Amino acid sequence: MIIKIGLPKGSLQEATFELFRKAGYNFGVSERSYFPSIDDPELEAMLIRAQEMARYVQDGVFDAGLTGHDWIVENEADVVEVADLVYAKRSMRPVRWVLAVPIDSDIKTVKDLEGKRIATEVVNIARKYLNSNGVNAEVEFSWGATEAKVPELADAIIEVTETGSSLRANNLRIVETVLESTTRLIANKQSWADSAKREKIENIALMLKGAIAAEGKVGIKLNVPRERIEDIIAVLPAMKNPTINDLNDPDWVAVETIIDENIVRKIIPELKKRGGCDIIEYPLNKVIP
């Protein structure tokens, strides 16, 4: 059995490869190749733009693929959304499609777009957004450099942003958020109905979600005098409960837990103060609930 999987080429490519690496799948790709090698003999991969992915998965060219929720909506693709994978090229958070205008524009709300021209790459999303707000405006497809089209070529744009920095750099202000989007693992419906293929795709989803769950978390191990264990547990976070194991010396126990990386600098000194020693911090690739 071979699963054909589509991977996003472009801005999400490196973040996707890194996510798969943490999940246990190692890809190799040369600079000009669209066909990455992979260390799983049951997978065949191809790089393709995220904008096109949902359509190819729908049509069965791929059994599964990764693309944004925005492009599923834009293409009105009939696919199975297997997993919501919250990662992007710069951060582990959703991206936003926003309505933006020049800083000095009179447009304050979507209602002010009546009779105006909007440039965007997501024409269907834009039209649905305008219709839902009862606004009649012209929507034109933008091939790129959308931020540069206002005010000379358009009155407003609907553009994707992670941080808003590019919009601010182009003297644009955000009026409203049109759509939030995260990356999705999607599957072809016929492939999903095949029990063997479905199990493989579900296993990929499990490992990818485990890799995302591990982001920003670390493991902590330490030795604690048995008489001080309650003091340590009182300040030690855990996903459920810390693991406590007896040591060869009956007066000592070993404690292990998983915590958010951003509290390590506060928690380790406190653990040391309360009697913890031999403290080890280690990185995590996956956390499977």
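No experiment lies behind these values; they were computed from the predicted model shown. (Residues numbered from 1 in each chain as written. Predicted model: local features only at pLDDT ≥ 70, side-chain atom pairs only at ≥ 80, totals over all residues. Heavy atoms only, no water.)

Bringing the overall build of the protein chain into the picture now. Along its length, the protein chain carries 9 helices and 16 strands. A globule of 289 residues ought to have a C-alpha radius of gyration of about 19 Å, yet the protein chain, at 24 Å, is considerably larger. For the protein chain, the spread of C-alpha atoms along the principal axes amounts to about 80 × 50 × 35 Å. Here the protein chain holds 289 residues, and 45% of them are scored as buried. Pairs at least 24 residues apart make up 69% of the contacts formed inside the protein chain by residues separated by at least 6 positions. As displayed, the protein chain offers around 15,100 Å² of accessible surface, 47% of which is attributable to carbon and sulfur atoms. Side-chain charges of the protein chain comprise 37 positive and 46 negative groups, with the mean position of each set lying 2 Å from the other. (Helix = DSSP H or I, 4+ residues; strand = E, 2+ residues; numbered from the N terminus. Rg over C-alpha atoms; globule rule 2.2 N^0.38 Å. Buried < 20%, exposed > 50% of the residue type's maximum accessible area, 1.4 Å probe, protein only. Contact = heavy atoms within 4.5 Å. Areas by Shrake-Rupley, 256 points an atom, 1.4 Å probe, with all protein chains shown as cover. Lys, Arg positive; Asp, Glu negative; His and termini not counted. Charge placed at Lys NZ, Arg CZ, Asp CG, Glu CD.)

What follows deals with the sheet that holds strand S6 (residues 80-85). On the basis of which strands lie adjacent, the open sheet formed by 5 strands has the order S4-S1-S5-S12-S6 and mixed pairing. On the outer flanks of this sheet lie strand S4 (43-49) and S6, each paired with one strand and no other. The average undirected angle you get between the axes of adjacent strands in this sheet is 25 degrees. Lying over the sheet, helix H2 (residues 50-58) contacts strand S1 (3-9), S4, strand S5 (64-68) and strand S12 (183-187), oriented at roughly 130 degrees with respect to S4. Lying on the sheet, helix H7 (residues 195-214) is in contact with S1, S4, S5, S6 and S12; it crosses S6 at an angle near 15 degrees. (Pairing = 2+ DSSP bridges. Axes fitted to C-alpha atoms, helices over the stretch in contact; angles between N-to-C directions.)

Turning next to the nonpolar core. In terms of nonpolar packing, the biggest core is built from 29 residues, with Leu7, Phe20, Tyr25, Phe27, Leu66, Leu85 and Leu185 touching the most fellow members. Residue assignment for this core shows that the elements contributing at least two residues are S1, helix H1 (13-23), S4, S5, S6, S12 and H7. The element contributing the most residues to this core is H7, with 6 residues. Counting residues in each nonpolar core, the second largest holds 22 residues, with Val122, Val123, Val139 and Ala156 among its members. (Core = buried A, V, L, I, M, F, W, Y, C linked by side-chain atoms within 4.5 Å.)

Regarding helix H4 (residues 123-132), the residues found buried are Val123, Ile125, Ala126, Tyr129 and Leu130. Angular distribution of buried residues about the axis of H4 spans 165 degrees; they occupy a single face of the element. Within H4, the exposed residues directed more than 90 degrees away from the buried face are Asn131 and Ser132. In this structure, the buried side of H4 is in contact with helix H3 (69-75), strand S7 (95-102), strand S8 (117-120), strand S9 (138-141), strand S10 (156-161) and strand S11 (172-181). At the C-terminal side of H4, Gly134 shows a positive phi close to 65 degrees. (Arc of directions from axis to C-beta.)

With that out of the way, let us pick up the environment of Ile125. As for its placement among the helices and strands, Ile125 is situated in helix H4. Distance from Ile125 to Glu76, taken between C-alpha atoms, is 9.7 Å for residues 49 residues apart in sequence. Aside from chain neighbours lying at most four places away, what touches Ile125 is Asp70, Val73, Glu74, Val178 and Leu179.

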